[in-house]
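# Overview (structure and organization)
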Amino acid sequence: MSPPEKLQAILPLLQRLYPKAHCTLDFADPLQLLVSTILSAQCTDERVNLVTPAVFQKYRTAADYAAAPLEDLEEAFHATGFFRQKAKSIKQICQTLVERFAGQIPPSLEELVKFPGIGRKTANVILGNAFGIPGIVVDTHVGRVSQRLGLTTNKDPVKIEFDLMALVPQEDWTDFSHQLIWHGRQVCMAKKPKCTACALLPYCNFGQKQQ
């Protein structure tokens, strides 16, 4: 089957398997999602969600992060790992938000990727989940699952993103990303994937080779 034919078979299966797939980071506004997404790098969403309630109570606006001493942000983010770089990125981003955007996050991929520490993945998370603007989020799960299914032959996340954008209807981009992420976490793990229990097995290049 060609990738478009596979997608036509896979998409309704994913929608049936994961009808409530969603972003598992806890947030109440675009700024909170931005902070959580940056903190989630090389860290689980569960751990980030344990850290952020205290962070969000103390830092409520972009100006709060911009004005905070770097050492205070590092201490607040410590449990998420790589806290020095995360603190530096969030402080710089919020300084730019205050200086150029009146403290508000611009709902634009082109603008967001100009910020330090924000790539296309983070930008698409923010746009899709905080603003309702469809985007394909290529994290490790989406990359792995889409490669195994044969929806892409690329390894570069940006190239995978564009391959999937060409296959998936635009209105499904955000949900499709969440569905692949959930599938990657629950079934198609990096090690010991549950191929024999996978509903997508008939369409999966990787799974078929394991039989």
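Everything that follows concerns the structure shown earlier in this document.
Everything in this summary refers to the structure shown in the same document. None of the values given here were measured: they were computed from a predicted structure. Just so you know, the residues in each chain are numbered from 1, in the order the chain's sequence is written. A pLDDT threshold of at least 70 governs which residues receive local features in this predicted model, and a stricter bar of 80 or more applies before side-chain atom pairs are shown or counted, although totals over entire chains, interfaces and linings include all residues. Side-chain calculation: all heavy atoms of the structure are included, whereas hydrogens and water are not.

## Remarks on the nonpolar core
Here the nonpolar core consists of buried residues drawn from Ala, Val, Leu, Ile, Met, Phe, Trp, Tyr and Cys, with membership extended through side-chain atoms lying within 4.5 Å. Accessible area is worked out with a 1.4 Å probe on protein chains only. A residue is then buried under 20% of its type maximum, exposed over 50%, and partly exposed in between. The biggest cluster of nonpolar side chains holds 37 residues, and the ones touching the most others in it are Tyr65, Phe77 and Leu97. Mapped by element, the contributors of at least two residues to this core are helix H2 (30-39), helix H3 (45-58), helix H4 (62-67), helix H5 (70-77), helix H6 (83-101), helix H7 (109-112) and helix H8 (120-130). Going along the chain from the N terminus, every DSSP run of H or I of four or more residues is numbered as a helix, and every run of E of two or more is numbered as a strand. Among the elements that make up this core, the one with the highest residue count is H6 (seven residues). Here, residues are in contact when the closest pair of their heavy atoms is within 4.5 Å. Ignoring any residue separated from it by four or fewer positions in sequence, one finds Phe77 in contact with Leu39, Val55, Tyr65, Phe83, Lys86, Ala87 and Ile90. Core analysis: the next-biggest nonpolar cluster, separate from the first, contains 27 residues, Leu7, Ile10, Val187 and Leu200 among them.

## Concerning H6
Structurally, the α-helix is built with 3.6 residues per turn, so residues lying three or four positions apart point the same way. In this scheme, a helix's expected span is set at 1.5 Å multiplied by one less than its residue total. A rise of 1.5 Å per residue sets the reference length of H6, with its 19 residues, at 27 Å; its end C-alpha atoms lie 25 Å apart and thus fit the reference within 8%. When we look at burial in H6, the residues that qualify are Phe83, Lys86, Ala87, Ser89, Ile90, Lys91, Ile93, Cys94, Thr96, Leu97 and Phe101. Phi turns positive, to about 55°, at Ala102, one or two residues after H6.

## Points about the pattern of salt bridges
Salt bridge criterion: a side-chain nitrogen from Lys or Arg within 4 Å of a carboxyl oxygen from Asp or Glu. Enumeration according to the criterion identifies four salt bridges in this entry. When the shortest N-O distance is used, the salt bridge between Glu111 and Lys114 registers 3.9 Å. According to the relative accessible area criterion, Glu111 is partly exposed, its value standing at 23%. Residue Lys114 is classed as exposed on the basis of its relative accessible area of 57%. Of the charged contacts in the structure, one is a salt bridge between Glu161 and Arg120, with a shortest N-O distance of 2.7 Å. Of this pair, Glu161 sits in helix H10 (residues 157-167) while Arg120 sits in helix H8, placing them 41 residues apart in sequence. One network of salt bridges, in which partners are shared, links Arg100, Glu111 and Lys114.

## Considering the environment of Ile136
The residue Ile136 is located in the loop between H8 and helix H9 (140-149) in this model. A relative accessible area of 1% places Ile136 in the buried class. Between the alpha carbons of Ile136 and Glu161 there is a distance of 6.0 Å; along the sequence they are 25 residues apart. In this view, Ile136 contacts Asn124, Glu161, Leu164, Met165, Trp173, Phe176 and Ser177; residues no more than four positions away in its chain are not counted.

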